[in-house]
Amino acid sequence: MTDTARARPAPNGQPVYRRPADTPRVSAAKARLRVALDEQLGRKTPQSVKEAAMKKQ
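It should be emphasised that the depicted structure is a prediction, and the values quoted were computed from it without experimental measurement. (Residues numbered from 1 in each chain as written. Predicted model: local features only at pLDDT ≥ 70, side-chain atom pairs only at ≥ 80, totals over all residues. Heavy atoms only, no water.)

1. Digging into the confidence of the model for the protein chain
This is how it is decided: pLDDT: the predictor's confidence for each residue, scored from 0 to 100. What counts as a helix is a DSSP run of H or I of at least four residues, what counts as a strand is a run of E of at least two, and both are numbered from the N terminus.
With 61% of its residues at a pLDDT of 70 or more, the protein chain has an overall mean of 78. Per-residue pLDDT, averaged within each element of the protein chain, yields its smallest value for strand 1 (residues 5–7) (55) and its largest for helix 1 (residues 24–41) (92).

2. Some points on the pattern of salt bridges
Rules: Any carboxyl oxygen of Asp or Glu that lies within 4 Å of a side-chain nitrogen of Lys or Arg is treated as forming a salt bridge with it. Each residue's exposure class comes from its accessible area (1.4 Å probe, protein chains only) as a fraction of the maximum for that residue type: buried when under 20%, exposed when over 50%, partly exposed otherwise.
This structure, assessed with the given rule, holds two salt bridges. Residue Arg43 is joined to Asp38 by a salt bridge in which the shortest nitrogen-to-oxygen separation is 3.0 Å. Residue classification places Arg43 among the partly exposed positions, given a relative accessible area of 47%. Three or more residues are tied together by salt bridges with common partners; here these are Arg34, Asp38 and Arg43.

Structural data, given as structure tokens:
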């Protein structure tokens, strides 16, 4: 998830690294991990994160 993909060089010739966009499946997996971590730590999870965790793609 933290891998970077090499993009076209910038106008000055230096390579540019950018993170690939998250797919809906990856976003849902990250949300499920956050919900599980929040539960373990006893923190309140925002409703938007809970809804994202419920998506299945």
